[in-house]
Amino acid sequence: MATATARTEAARTTPDGSLVSIRSVGKTYFTGSSAIPAVASASLEVARGEFVSLLGPSGCGKSTLLMMIAGLEKPTSGAIDLLGSPVLAPRRDIGIIFQDATLLPWKSALENVLFPIRILKLPLDRYMQRAHELLAMVGLAGFEHKKPGELSGGMRQRVAICRSLIHDPDILLMDEPFSALDAITRDQMNVALSEILETYKKTVIFVTHSIREAAFLSDRVVVMGGRPSGIILDMPMPFPRPRRFEVEETVEFTQVCRELRLTIEAAHGHAPSTHAAPAGASVIE
Amino acid sequence: MAATIGTETGAVLVNPAARNRAAAGLRSIVLPLGLALFVLVAWQTYVTVANIPSVILPSPISIAKYIVARYDILLIHAIPTTVESAVGFLLALALGVLLAILITYSEVAREALYPNLVFFQLIPKIALAPLFIIWLGIGSTSRIAFSVFIAFFPVVIATTAGFLSVDKGILRLCRSLTATEWQVFTSVRFPSALPHIFSGMKIAITLAIIGVIIGEFITAQAGLGYLIIFATARADTEVSMAAIVVLCICGLLLYGLVAVAEMIANRFYSADSR
Ligand SMILES: Nc1ncnc2c1ncn2[C@@H]1O[C@H](COP(=O)(O)OP(=O)(O)O)[C@@H](O)[C@H]1O
Ligand SMILES: [Mg+2]
């Protein structure tokens, strides 16, 4: 645990190009008479171009933290800066992807991708080309005029990814975007996403409860846990890019996953007998 | 990339049951038409064989002959009924959608209006028709007002349900894109409520006609409702049946217009491919 904190400190002092700065942010939901503490206190810096995963079991406040970054929920304590200005409300320099594709069922894939352009009142003709490019990039060339009902779950989520990128936001926020998909499609989507990000460089904050997914995609994995929750581990992923499936077969990958799992288990009281090990982050490498 | 998505994009829908569906489509036309024809033939045969007097039950053929011969009179009465029904329906639609917007966007309006609307629906509203004559006179105003009164309710209920059934995720997406309430309404809420609105409209159009006919029963100098009452009072069953047939045709016409409007809307707002 001590090591984890040290790592968090180290991450916070990364060079001053940090795009997202989350400082002691907490959130308590008030519903009627009860107060539900969702996030106790979380601090995190994300540098430009970084891919950071928020990893943790269900209910540990990952979505809440992400929605606060998006300006869709207001923190009850602390503050969030994006590109140097405080996040007080939703803003245009963000692209969001949810667990469900949330496409308009009566619009074609292409029109769905262009939806943010219409809402933001940007010139449609200037983004048409980009919309086609994005759809081709995710393997949906030829499907531009299909409606969501004619696409598979994975294809719909690809359309949602294109939609989140169309207005060229600085940062992409993804809330368990692939957890509604079957395991095989999910693996394909992970590869597809890392390929997309090789072309369209973006800063990404990615929420997941899948350890392997987090490890495969991320530059850094941030583990959330505890009750009420906070950040309990901030760990860089040492695997080279571009990443392909083969990464998952390396011993190093397995060790990283193991450490992440032990950290989560320790925080939630299911730790095996060797549970003093999670701090063994330094043992790796 | 192509390899990884191959399995997915290859999943093109093939429907071997397409031919069966065409046969089922044909059957769905032939069966009801056949039954209707059977009933008409049975009716004609019964009236002829049993020698039923025309005052009690005129035969289908004699009704048809009357309609062909006196279409001018029937038309004169059909026009005010159809026009008033259409006006009543359009007003009910406008009022219904406006109330639905109010209920959707204002919590106060929702809490104040909704229980009252549901309570109102429990009243047998036809019983109130004579009051409309007292309040608004014997002109077309009272008939249209009564028609609106009984027709707007299904529009409010269906439209409100449509507005509130919008996917929460899409609303959140709109919020994240800093969409204005107007943008959300025009590009998300209204289109996704359209199927609901049309199902409300289909009920409303028949109720609007009923409202006008009841008004004409009570007081009118023209209209199919007036003709039915007038002819029945003179034991002229043939005329009254002819008027009912024309009324059915007018009703079908109005309903058809709503159905056509729905088909046009579906071209833009259906989840199915064109
Ligand atoms: N809108 C809300 N109102 C009340 N409680 C909420 C709301 N959203 C989330 N919570 C609660 O906050 C906690 C964290 O939820 P969430 O951020 O969705 O976790 P995660 O995404 O990690 O599964 C949970 O206990 C959840 O029940
Ligand atoms: Mg969540």
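These figures come from a predicted structure and were not determined experimentally.

Another point: the packing of aromatic side chains. Between two aromatic rings, the relevant description is the distance of the centres plus the angle of the planes. Residues and elements named next belong to chain B. Under the counting rule described, the total for this entry stands at 14 aromatic pairs over all chains. Centre to centre, the rings of Tyr105 and Phe185 are 6.3 Å apart; their planes meet at 55°, and the pair counts as tilted. With Tyr105 in helix α4 (residues 71-105) and Phe185 in helix α9 (residues 181-218), the pair connects residues that are 80 residues apart, well separated along the chain. Classification of Tyr105 as partly exposed rests on a relative accessible area of 36%. One aromatic cluster in this structure is built from Tyr105, Phe163, Trp182, Phe185 and Phe190. Just above the ring of Phe149 sits the side chain of Lys125; from NZ or CZ to the centre is 6.0 Å.

Okay, the confidence of the model for chain B next. Residue and element names in this part refer to chain B. On average, residues of chain B carry a pLDDT of 90, and 93% of them reach 70 or more. In this model, residues 1-12 is a region of pLDDT below 50 whose contacts with residues beyond four sequence positions or in other chains number 19 contacts. Listed scores for the predicted complex are pTM 0.83 and ipTM 0.84.

Since one α-helical turn is 3.6 residues long, residues separated by three or four positions face the same way. Compared with an ideal rise of 1.5 Å per residue, which puts 17 residues at 24 Å, helix α9 (residues 251-267) of chain A spans 25 Å between its outermost C-alpha atoms and is within 8% of the ideal. In the core, the buried residues of α9(A) are packed alongside β3 (51-55), α8 (211-217), β9 (220-225) and β10 (229-236) of chain A.

Turning to the packing of helix α3 (residues 60-69) of chain B against α4(B), a few remarks are in order. Residue and element names in this part refer to chain B. At a minimum axis distance of 5 Å, the contact between α3 and α4 shows a crossing angle of 80°. When the interaxial angle is binned, α3 and α4 end up roughly perpendicular. Contact residues: α3 offers Tyr66, Ile67, Val68 and Ala69, while α4 offers Tyr71, Asp72 and Leu74. Residues that form the contact of α3 with α4 fall into these classes: six nonpolar, no polar and one charged.

Quick look at the confidence of the model for chain A now. All names here are of chain A. Taken over all residues, the pLDDT of chain A has a mean of 87, while the share at 70 or more is 88%. pLDDT under 50 marks residues 1-15. Its contacts with residues more than four places away, or in other chains, come to 17 contacts. Across residues 271-285, where pLDDT falls below 50, the model places 21 contacts with residues more than four positions away in sequence or in other chains.

Scoring rules and cut-offs
Residues numbered from 1 in each chain as written. Chains lettered and ligands numbered in written order. Predicted model: local features only at pLDDT ≥ 70, side-chain atom pairs only at ≥ 80, totals over all residues. Heavy atoms only, no water. Phe/Tyr/Trp six-rings, centres within 6.5 Å; stacked < 30°, edge-to-face > 60°. Helix = DSSP H or I, 4+ residues; strand = E, 2+ residues; numbered from the N terminus. Buried < 20%, exposed > 50% of the residue type's maximum accessible area, 1.4 Å probe, protein only. Lys NZ or Arg CZ within 6 Å of the ring centre and 35° of its normal. pLDDT = per-residue confidence, 0-100. Contact = heavy atoms within 4.5 Å. Expected span 1.5 Å × (residues − 1). Axes fitted to C-alpha atoms, helices over the stretch in contact; angles between N-to-C directions. Parallel < 35°, antiparallel > 145°, perpendicular 65-115°, else oblique. Nonpolar A, V, L, I, M, F, W, Y, C, P; charged D, E, K, R; others polar.

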